[in-house]
There are 2 protein chains.
Amino acid sequence: MSKLFGSIEAGGTKFVCAVGNESLMILESATFPTDKPEETLQKAVDFFKQFEGSLVAIAVGSFGPIDVDINSDTYGFVTTTPKPNWGNFDMIGFLKAQLNLPMFFTTDVNSSAFGEKILAPSLNSLVYFTIGTGIGAGAIQGDTFIGGTSHAEMGHMFVKRHPEDLDFAGSCPFHGDCLEGVAAGPSLEARTGVRGEHISLESNVWDIQAYYIAQAAVSATLTLRPEKIIFGGGVMAQEHMMNRVRKQFSELLNDYVPVPDLTQYLQIPSIENNASATVGNFALAKRQYEINR
Amino acid sequence: MSKLFGSIEAGGTKFVCAVGNESLMILESATFPTDKPEETLQKAVDFFKQFEGSLVAIAVGSFGPIDVDINSDTYGFVTTTPKPNWGNFDMIGFLKAQLNLPMFFTTDVNSSAFGEKILAPSLNSLVYFTIGTGIGAGAIQGDTFIGGTSHAEMGHMFVKRHPEDLDFAGSCPFHGDCLEGVAAGPSLEARTGVRGEHISLESNVWDIQAYYIAQAAVSATLTLRPEKIIFGGGVMAQEHMMNRVRKQFSELLNDYVPVPDLTQYLQIPSIENNASATVGNFALAKRQYEINR
């Protein structure tokens, strides 16, 4: 019987569980809201139990911060998240207690980055940002996830404030006006009192948001020098936003270092339907299975 | 006869050439100002010609930006530097024309990072910043320099402006108020009209500068998650500055991710007399010799 690989994309608002085959094709999936940890993870366990016997490994890409250091006492834990009930919760421990399989644990954005790299094998280095209710980024150079002692948390770096946005205090509970505090989805509503999807395209909040996202891309460029920067999440799927970010990126970087044509360099995911993390997880589960074999 | 390894630390204001033995000890060195490229590099060539026969490889750690992609047509060039006469100059080509030896080419800060890692082999990942007339950073994760297509240029990332510093336009010719534009040495004189060494320790410019340097350390932490961040350069050798940076770093990061005790995590170089780059270059030259053998 052919082998199956499991994926859990543990997002802040929903869980997506899936099983795939050796070609990394999605065979079955289940989506449910991210509720209390035990209840949510039990649904994941129940989903995977259907495939016992064929399922040989699972990769989990989770919201963070998480502990990915396999030598740590809290490996597999969600750590300092402000998300109620999930702080210091042993996610991998809960799963392993009922599913005795090799597991790989990383961030949702690292899973997405890995999925995008699997589908573009000529790409040696890339960064994957997600701009949603939070901002996260995963990065790969060669065969390695960027991060010496743990995973990247680029969403919380500081940015130069837009001159028309200086009165906004930012909405990050840890840092106020870090990148996530001024550019994630909730910042749009915090500024305008209107949810993002109802804000006119004429509003200057889009250029303000693009200014901050462009700075994140400049920082990632100057620090990591990737071949490509990919932006996932609903906001960036809007063509007007990607174009605003490209324009501001070009002005901010000011040709200091060479980058590819911006329509190629700054892009949306190649894998459709937000499935980058799922494909990445199948590949990471497959790799983990081969290591453990 | 025992083998010798060569180091060129090509800084923006001076060149330091040295030869070392297989224990990476400095045997002889020569220092001269960074003048026109041909004249300066000829002095380097003349220095190394004294050791022909024993000298087996040279590593060059240069100010940047430089082209370190060995598949590029302009590999070995200094590229977009604002430094007069050095833009698009073929540094490695000039050296190779007269010294037929294996050479390794990287940034001065990567050389320094490598030197610090050689002397602390238990360290798996680190970042080395230099805060001087410019700001640069080199980073290592495992055995690899961070940088997918080229070297890091973290000195030009953008930072959140200090509320008491909003009127200062910054002194970077490319970006105005990027990190280098607001925190490198020349920014102190540009703000106050007084050279840094003559500014009172009571002046608030030190806290302003520390605020920006601390943000650079926060960004490096969140992006790279290194085990240690080292600060070279005269400004940071002053204990009051390192303490100001540690204090601001702690407030800015706000315990979002765990880091080691800050007196260990944010540190000056272990190698004295600014010799980190020279020791790193010896080790890189040795590695290059072994690869080419």
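Use the structure listed above.
This write-up is about the structure you can find in this document. (Residues numbered from 1 in each chain as written. Chains lettered and ligands numbered in written order. Predicted model: local features only at pLDDT ≥ 70, side-chain atom pairs only at ≥ 80, totals over all residues. Heavy atoms only, no water.)

Looking at the overall build of chain A
Stated precisely, the cut-off is as follows: Working definition: helices are DSSP H or I runs of at least four residues, strands are E runs of at least two. Numbering for both runs from the N terminus. In this treatment the radius of gyration is a C-alpha quantity, and the globule benchmark scales as 2.2 Å times the residue count to the 0.38 power. Each residue is assigned to one of three classes by its accessible area relative to the maximum for its type, calculated with a 1.4 Å probe on protein chains only: buried under 20%, partly exposed between the two thresholds, exposed over 50%. By definition, residues are in contact when any of their heavy atoms lie within 4.5 Å. Surface exposure here means Shrake-Rupley accessible area, sampled with a 1.4 Å probe, where a residue is shielded only by the protein chains that are shown. In this count, Lys and Arg are taken as positive residues and Asp and Glu as negative ones, while His and the chain termini are left out. The location of each charge is read from NZ of Lys, CZ of Arg, CG of Asp or CD of Glu.
Secondary structure summary: chain A contains 9 helices and 12 strands in total. Here chain A has a C-alpha radius of gyration of 19 Å; the compact-globule value for 293 residues is 19 Å, and the two agree. Its C-alpha atoms give chain A principal-axis dimensions of about 60 × 40 × 35 Å. Across the 293 residues that make up chain A, the buried fraction comes to 59%. Expressed as a percentage of contacts within chain A between residues at least 6 apart in sequence, the contacts between residues at least 24 apart total 62%. When the accessible surface of chain A is totalled, it reaches about 11700 Å², and 49% of it is carbon and sulfur. Where the 20 positive side-chain charges of chain A centre and where its 32 negative ones centre are 3 Å apart.

Some thoughts on the relation of the copies chain A and chain B
These two copies of the chain differ by a rotation about an axis and a displacement along the same axis. Counted only if it meets this: The atoms used to superpose the copies are C-alpha atoms, taken from residues with pLDDT of at least 70 in both, and the fit is least squares.
Of the transformation superimposing chain A on chain B, the axial component is 0.0 Å and the angular component is 180°, with the fit at an RMSD of 0.0 Å. As the rotation angle and translation indicate, the two copies are arranged about a two-fold axis. The C-alpha atom lying nearest the rotation axis in chain A is that of Lys160 of chain A; the distance is 2.1 Å. Comparing interface residues between copies, 100% of those in chain A also sit at the interface in chain B, which points to an isologous, same-surface contact.

Details of the environment of Asp207 of chain A
Residue and element names in this part refer to chain A. Locating Asp207 in the fold gives a position in helix H6 (residues 205-224). For Asp207, a relative accessible area of 32% gives the class partly exposed. Along the sequence, Asp207 and His162 sit 45 residues apart, while their C-alpha atoms lie 9.3 Å from each other. Excluding residues within four positions of it along the chain, Asp207 makes contact with Arg244 and Gln248.

Regarding the interface of chain A and chain B
Using the following cut-off: Using a 1.4 Å probe, buried area is obtained as the accessible area two parts lose upon being combined, added over both of them. What makes a salt bridge here is a side-chain nitrogen of Lys or Arg within 4 Å of a carboxyl oxygen of Asp or Glu, nothing more.
The partner chain B presents 39 residues to the 39 residues of chain A that form the contact. Counting the surface lost from both chain A and chain B, the interface buries some 3500 Å², and carbon and sulfur atoms represent 57% of this. Three residues, Phe158, Arg225 and Tyr256 of chain A, lead the burial of chain A against chain B; their summed loss comes to 23% of the area buried on that side. The partner of Lys160 of chain A in a salt bridge is Asp177 of chain B, and the shortest N-O contact between them spans 2.6 Å.

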